Amino acid sequence: EVQLLESGGGLVQPGGSLRLSCAASGFTFTNYAMSWVRQAPGKGLEWVSGISGGSDATYYADSMKGRVTISRDNSKNTVYLQVNSLRAADTAVYFCAKNRAIVVPGVPFDYWGQGTLVTVSS
Amino acid sequence: QSVLTQAPSVSAAPGQKVTISCSGSNSNIGNNFVSWYEHLPGTAPKFLIYDDNKRPSGIPDRFSGSKSGTSATLGITGLQTGDEADYYCGTWDSSLSAYVFGTGTRVTVL
């Protein structure tokens with residue numbers, strides 16, 4: 001059974017940083033790209049970033065480019081999202097999602113985690 | 001602001017059918033496969049349709065997808081109270097080099 005468990009969310013002050021983690025199990029982690037998707041309160045889903053199975057390619061939404069870095073540790077079956085210079089508009093539930101193939105472009109998400117809440121407030 | 005547009009809400013009685021449209025452009029829907037996701041707030045989104053019209057294993061055939069040009073449609077037949085959720089289309093946008101979601105449609109079972 002595929003399981004994705006996010007952690008690392010919480011309350012952070014504007015301008016601060018967070019590193020979100022997503023521990024994966026139930027599939028061969030290196031064979032699949034992974035992505036992060038967020039949902040702000042009362043808003044829709046917004047793709048944030050994706051990384052290929054071998055970490056050779058990364059992709060970012062324009063809205064967060066320059067402030068986020070996605071990475072993965074295939075020995076730990078874990079994907080990370082480093083978010084810097086946080087602002088109130090970044091307040092959202094951040095979901096980890098498994099891509100359906102090893103690459104990111106054009107590939108949908110077949111499994112999702114429950115999400116971790118990031119609240120940016122002073 | 002999403003590049004894929006959906007109606008905010010649709011509703012129908014139990015047992016009836018609803019269709020949800022997703023409108024985009026040549027840089028996304030027109031040249032890339034569309035997927036659909038079901039999301040009940042507070043839970044993990046669920047993968048419903050991929051490659052425009054294919055269902056992952058475990059998804060009942062009450063759910064169907066289609067695409068024409070730069071628009072895609074999700075159909076749900078035999079509507080059940082358990083289908084009340086938000087539904088999102090999604091696809092890759094080749095111009096943005098980014099995955100894009102629709103604005104979302106709330107399905108209400110009357």
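Residues numbered from 1 in each chain as written. Chains lettered and ligands numbered in written order. Predicted model: local features only at pLDDT ≥ 70, side-chain atom pairs only at ≥ 80, totals over all residues. Heavy atoms only, no water.

Section: the nonpolar core
Among soluble globular proteins, nonpolar side chains are generally buried collectively.
In step 1: Core analysis: the biggest nonpolar cluster contains 26 residues, and L4(A), M34(A), W36(A), V79(A), L81(A) and Y94(A) have the highest contact counts within it.
In step 2: Those elements giving two or more residues to this core turn out to be β3 (18-25), β4 (34-39), β5 (45-51), β7 (68-73), β8 (78-83), β9 (92-99) and β11 (116-120) of chain A.
In step 3: With 4 residues, the top contributor of residues to this core is β3(A).
In step 4: Residue contacts for Y94(A): discarding those within four places in its chain leaves E6(A), L20(A), W36(A), V37(A), R38(A), V48(A), M64(A), L81(A), G115(A), T116(A) and V118(A).
In step 5: With 23 residues, the next largest nonpolar core counts I20(B), V34(B), I49(B) and V107(B) among its residues. (Core = buried A, V, L, I, M, F, W, Y, C linked by side-chain atoms within 4.5 Å. Buried < 20%, exposed > 50% of the residue type's maximum accessible area, 1.4 Å probe, protein only. Helix = DSSP H or I, 4+ residues; strand = E, 2+ residues; numbered from the N terminus. Contact = heavy atoms within 4.5 Å.)

What about the sheet that holds strand β1 (residues 5-6) of chain B?
Strand pairing in a sheet relies on backbone hydrogen bonds, with the paired strands running either antiparallel or parallel.
Residues and elements named next belong to chain B.
In step 1: Ordered in space as β1-β3-β7-β6, the 4 strands form an open sheet in which the pairing is antiparallel. If you trace the sheet from one side to the other, it starts and ends with β1 and β6 (63-68), each paired once.
In step 2: Strand direction decides the pairing type here: strand β3 (residues 18-23) and strand β7 (residues 71-76), joined by 6 bridges, are antiparallel. By the bridge assignment, S21 is partnered in β7 with T73. (Pairing = 2+ DSSP bridges.)

Concerning the state of the cysteines
In step 1: In total, this model carries 2 disulfides over all chains according to the counting rule given.
In step 2: Here C22(A) connects covalently by a disulfide to C96(A), the sulfurs 2.1 Å from one another. Taking the sign of the torsion about the S-S bond as the criterion, the disulfide between C22(A) and C96(A), at about -70°, is left-handed. Of this pair, C22(A) sits in strand β3 while C96(A) sits in strand β9, and the two are 74 residues apart along the sequence.
In step 3: By relative accessible area, C96(A) is classed as buried at 0%.
In step 4: The partner cysteine of C22(B) in its disulfide is C89(B), sulfur to sulfur 2.0 Å. Around the S-S axis, the bridge from C22(B) to C89(B) shows a dihedral of about 70° and counts as right-handed. On the criterion of sequence distance, the pair formed by C22(B) in strand β3 and C89(B) in strand β8 (residues 85-93) is long-range, its members being 67 residues apart. Across the pair, C89(B) and C22(B) agree in class, each one buried. (Disulfide = S-S within 2.5 Å.)

Structural notes on empty space enclosed by the protein
In step 1: Considering all chains together, one arrives at 1 cavity of 30 Å³ or more under this definition.
In step 2: In this structure, the largest cavity encloses a volume near 30 Å³.
In step 3: In this structure, the largest cavity is lined by G106(A), V107(A), P108(A), F33(B), S35(B), G90(B), T91(B), W92(B) and Y99(B).
In step 4: For the lining of the largest cavity, the element with the highest residue contribution is β8(B), accounting for 3 residues.
In step 5: Among the residues making up the lining of the largest cavity, the classes are represented as 5 nonpolar, 4 polar and no charged. (1 Å grid on protein atoms, 1.4 Å probe; cavity = no way out; pocket = protein on both sides within 12 Å on 5 of 7 lines; lining within 4 Å. Points joined across faces, edges and corners; volume = space filled by probe spheres on them. Nonpolar A, V, L, I, M, F, W, Y, C, P; charged D, E, K, R; others polar.)

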